[in-house]
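Commentary on secondary and tertiary structure
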Amino acid sequence: MTFSPINMNIKEELLDQLEIKTVFTIPKIGVAVDESTVVAWIIMAVLTVAAFFLTRNLKVEGPIGRRQQILEICMDKLIAFFDNLLGSRGKKYMPWLMSVAIFIGASNMIGIFGFKPPTKSMQTTAAMAITSILLVEIAGIRELGFKNHLKSFAKPVAIVAPINVLELIIKPLSLCMRLFGNVLGAFIIMELIKSVVFLKIGVPVAFSLYFDLFDGFLQAYIFVFLTAMYVQEAVEE
């Protein structure tokens, strides 16, 4: 099979964009730090600084500014969303789920600013999926006790216990692959659209609004929605 020069350029550009390159190596211990890790650090730093400035001088009484009004509206929407999913026993895990939703949303849309999304790397999505399932199991143990949590694997009947144990691997794997696959697929489609000469003006912007913004937030929503459901299942009687 032969490739035209244009197809070869598209192929080379895609391979270059998909490659997760090493940015630097930590001296002495020889640990390589790649692009996805550095971009994730940048996102966390920006979100931390933004949280610091957005939450300064908030008022409990008296008239409030527009900044606080917007923050309270956003918090009310998030609390209402997670409250319906988690129930009374899972409310204490809201802050973690909110933080994950904001981080994934920011990671997915950072491609607009010319960075490679950290969620395009499977090590990032795998780490987030593993921490999510650890949260689920810890929540179950804290709320039900270790012995009762173990008994929950034998529900509704003892014969399904191996399947329920297998879910400890299936759940994080599905979370990881779903997030990774959707983000990677959207990234590849955007790169193919940008590589087409007659679509370089105007059209990529419209597609970017979908793949970088709408789809990015959609994947964050799906990830935390499923995690919240798993937590709710783990803490219920």
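Below is a summary of the structure that appears in this document. Source: prediction; values computed, not measured.

Things to note about the packing of helix H2 (residues 35–54) against helix H4 (residues 94–109)
Axis separation between H2 and H4 bottoms out at 10 Å; the angle between their running directions is 125°. Between H2 and H4, the interaxial angle falls into the category oblique. Note that H2 runs across H4; the crossing there is right-handed. On the side of H2, the interface is formed by Ala-40, Ile-43, Met-44 and Leu-47, while H4 contributes Ile-102, Phe-103, Ala-106 and Ser-107. Grouping the amino acids of the contact of H2 with H4 by side-chain chemistry returns seven nonpolar, one polar and no charged.

Looking at H2
Look at H2: 28 Å from first C-alpha to last across 20 residues, which is about the 28 Å you get at 1.5 Å a residue. Those residues of H2 that fall on the buried side of the exposure criterion are Ser-36, Val-38, Val-39, Ala-40 and Ile-43. Of the surrounding elements, those touching the buried residues of H2 are strand E1 (22–26), strand E2 (31–34), H4 and helix H5 (122–144).

Quick notes on H5
Given a rise of 1.5 Å per residue, 23 residues ought to cover 33 Å, and the 33 Å separating the end C-alpha atoms of H5 matches this to within 8%. By the burial criterion, the buried members of H5 are Thr-124, Thr-125, Met-128, Ala-129, Ser-132, Ile-133, Leu-135, Val-136, Ala-139, Gly-140, Glu-143 and Leu-144. Positive phi shows up at Gly-145, right after H5, with a value of about 90°.

What counts and what doesn't
Residues numbered from 1 in each chain as written. Predicted model: local features only at pLDDT ≥ 70, side-chain atom pairs only at ≥ 80, totals over all residues. Heavy atoms only, no water. Axes fitted to C-alpha atoms, helices over the stretch in contact; angles between N-to-C directions. Helix = DSSP H or I, 4+ residues; strand = E, 2+ residues; numbered from the N terminus. Parallel < 35°, antiparallel > 145°, perpendicular 65-115°, else oblique. Left-handed = near helix turned anticlockwise from the far one by under 90°. Contact = heavy atoms within 4.5 Å. Nonpolar A, V, L, I, M, F, W, Y, C, P; charged D, E, K, R; others polar. Expected span 1.5 Å × (residues − 1). Buried < 20%, exposed > 50% of the residue type's maximum accessible area, 1.4 Å probe, protein only.

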